[in-house]
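# Working through the structure, step by step
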Amino acid sequence: MGCLGALLFLLGSLGALAQRCEMPEVDSKIVEMLGQRLLPWMDQLSLEQLNPSIYVGLRLSSLQAETKEALYLHSLKLHYQQSLLGSASSGGDNDDSQAKPSMGQLALYLLALKANCEFVGGHKGDRLVSQLKRFLEDEKRAIGHDHKGHPHTSYYQYGLAILALCVHQKRVHESVVGKLLHAVEHDRPVHQGHLSVDTAAMAGLAFTCLKRSNLNPDQRERIILAIGTVQEKILRSQTPEGHFGSVYSTPLALQLLMTSSMPGVELRSVCYKARTALLTSLQNEAFQNALMISQLLPALNHKSYVDLISPDCLAPRAILEPAFETPSDTQAPEVIRVMLMVSSVLPPYHNSIPVPAGSSLEDVLKKAQELGGFTYGTQASLSGPYLTSVMGKEVGEREFWQLLQVPDTPLLQGIADYRPKDGETIELRLVSW
């Protein structure tokens with residue numbers, strides 16, 4: 001073999017070894033349907049219901065909601081600045097009449113600003129950045145010097161906060177980044193003994209941003225190794241159907257895999273398999289949650305949160321029209337019965353709850369509470385309400401109320417998104433992790 005032949009062979013081998021996660025285009029009608037599901041969420045403009053992830057997802061997608069999109073960003077700015085910085089009428093003091101956004105919500109808000117090609121700056125911007133850095137410092141102290149503690153929120157929000165600061169070119173102290181590196185290196189992003197794919201993917205996105213921005217050069221080699229570790233763990237999590245972990249963690253996993261090539265891995269076939277699994281799930285109407293849709297739309301547009309380092313705010317996007325609604329049937333909706341069980345309290349709760357067909361599990365809980373003998377409490381989160389108490393039993397440290405289809409099938413959706421079928425039995429079980 002001559003020198004030229006050897007060179008071509010070498011280049012061909014390298015091309016085969018280092019592949020990128022590239023998926024074939026998805027039918028624009030499917031993408032449009034997903035975007036249409038976000039439109040009703042954009043009409044909810046109270047602070048408790050605003051979700052910056054919706055805006056970020058649309059800006060990184062091939063769709064735009066025109067004036068509704070602009071109004072949503074305006075509402076985000078109004079509510080977040082008032083709640084975090086205080087309104088002008090209060091003389092600059094914090095307004096304690098409304099709840100403050102969490103670390104994850106503030107991080108998503110900063111991502112939303114960058115998605116609109118806005119760098120945080122000036123007095124107000126610097127205060128937002130300082131607040132997010134304080135959140136991270138508090139979480140770092142909770143984890144502890146020996147790494148035996150846990151964040152008050154989660155490693156998911158921890159990674160999201162680092163990512164948000166990174167895309168705005170705001171340097172995070174090495175000790176803060178070090179906690180997330182240690183978590184990845186020692187398998188800390190786990191839930192009930194299993195890899196938390198979305199948490200690992202979010203950490204990987206944060207590390208990829210740090211690598212590209214070179215904000216922490218002294219940790220660069222460790223960061224590069226951590227990216228590879230996360231990628232390998234995500235690839236090992238792929239199910240026979242094609243999802244990474246579950247259908248709902250697959251979008252973030254794809255975002256990460258799209259950010260770089262991986263030598264020795266058939267990424268094209270891996271990602272094509274994931275695409276096929278996602279399309280099957282979309283046909284089964286799995287994606288109803290606004291956060292999950294907002295993470296999927298960028299992946300379908302071959303984008304990731306890392307693209308917010310240099311967002312293309314002039315890229316053409318198709319105008320999103322509301323879905324055509326057929327006239328509603330005047331007949332009363334069918335009533336189904338859902339068996340609700342709580343075995344983690346004494347005496348155990350067990351009752352058949354009548355609700356209209358198509359009701360969410362949250363509707364079932366509300367009806368059970370109306371009927372008496374059942375109580376529950378929730379707290380808002382990035383992905384919707386989650387249970388904090390059932391029958392007066394509050395969750396303790398490292399505990400949560402697990403949603404199960406009896407006998408032992410965990411639900412992949414939250415109470416606001418899961419829709420039980422007639423005759424189904426749902427158990428709320430308090431578990432530790």
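This section reports on the structure supplied with the text. Worth saying up front: this structure is predicted, and the values here are computed from it rather than measured.

Next up on the list: the environment of threonine 208. With respect to the helices and strands, threonine 208 occurs in helix H9 (residues 197-213). The class for threonine 208 is buried, based on a relative accessible area of 4%. When residues no more than four places from it in sequence are discounted, the contact partners of threonine 208 are Ile227, Leu256, Thr259 and Val306.

Along the chain, the position of serine 75 falls in helix H4 (residues 66-85). Ignoring any residue separated from it by four or fewer positions in sequence, one finds serine 75 in contact with Leu45 and Leu50.

Before going further, it helps to examine the sheet that holds strand E11 (residues 393-394). If you trace the three strands from one edge of the open sheet to the other, you get E9-E10-E11, paired in antiparallel fashion. Of all strands in the sheet, those with a lone pairing partner are strand E9 (376-379) and E11, marking the two edges. In the sheet, E9 pairs with strand E10 (residues 386-390) via four bridges, with the strands oriented antiparallel. For threonine 378, the partnering residue across the bridge sits in E10 and is leucine 387.

This part is about the pattern of salt bridges. Side-chain pairs of opposite charge can arise where the charged atoms are in close proximity. One pass over the structure, following the stated rule, counts 12 salt bridges. Arginine 59 is the salt-bridge partner of glutamate 69, the closest N and O atoms lying 3.3 Å from each other. You can see glutamate 69 sitting in helix H4 and its partner arginine 59 sitting in helix H3 (residues 52-59), a full 10 residues away along the chain. Both residues of the pair, glutamate 69 and arginine 59, belong to the buried class. The partner of glutamate 427 in a salt bridge is arginine 429, and the shortest N-O contact between them spans 3.0 Å. Taking the relative accessible area as the measure of exposure, arginine 429 reaches 24% and is therefore partly exposed.

Further remarks concern the pairing of strand E14 (residues 425-432). If a strand is regular, its side chains alternate between the two faces of the sheet. In this sheet, E14 lies alongside strand E7 (residues 335-342) in parallel orientation, the contact comprising four bridges. When the bridges of E14 are listed, methionine 339 appears paired with threonine 425.

Attention shifts here to unusual backbone geometry. Along the chain, leucine 346 connects to proline 347 via a cis peptide bond; the corresponding omega equals -5°. With an omega of 15°, the peptide bond between valine 406 and proline 407 qualifies as cis. With respect to the helices and strands, the residue proline 407 is situated in the loop between strand E12 (399-405) and strand E13 (409-410). The phi dihedral of asparagine 214 falls on the positive side, at around 55°, and the residue is not glycine. Mapped onto the elements, asparagine 214 comes out in the loop between H9 and helix H10 (220-236). Phi at methionine 391 takes a positive value of approximately 55°, unusual for a residue other than glycine. A residue is classified by how much of its surface remains accessible, and methionine 391, at 28% relative accessible area, is partly exposed.

Rules behind the numbers
Residues numbered from 1 in each chain as written. Predicted model: local features only at pLDDT ≥ 70, side-chain atom pairs only at ≥ 80, totals over all residues. Heavy atoms only, no water. Helix = DSSP H or I, 4+ residues; strand = E, 2+ residues; numbered from the N terminus. Buried < 20%, exposed > 50% of the residue type's maximum accessible area, 1.4 Å probe, protein only. Contact = heavy atoms within 4.5 Å. Pairing = 2+ DSSP bridges. Salt bridge = Lys/Arg side-chain N within 4 Å of Asp/Glu carboxyl O.

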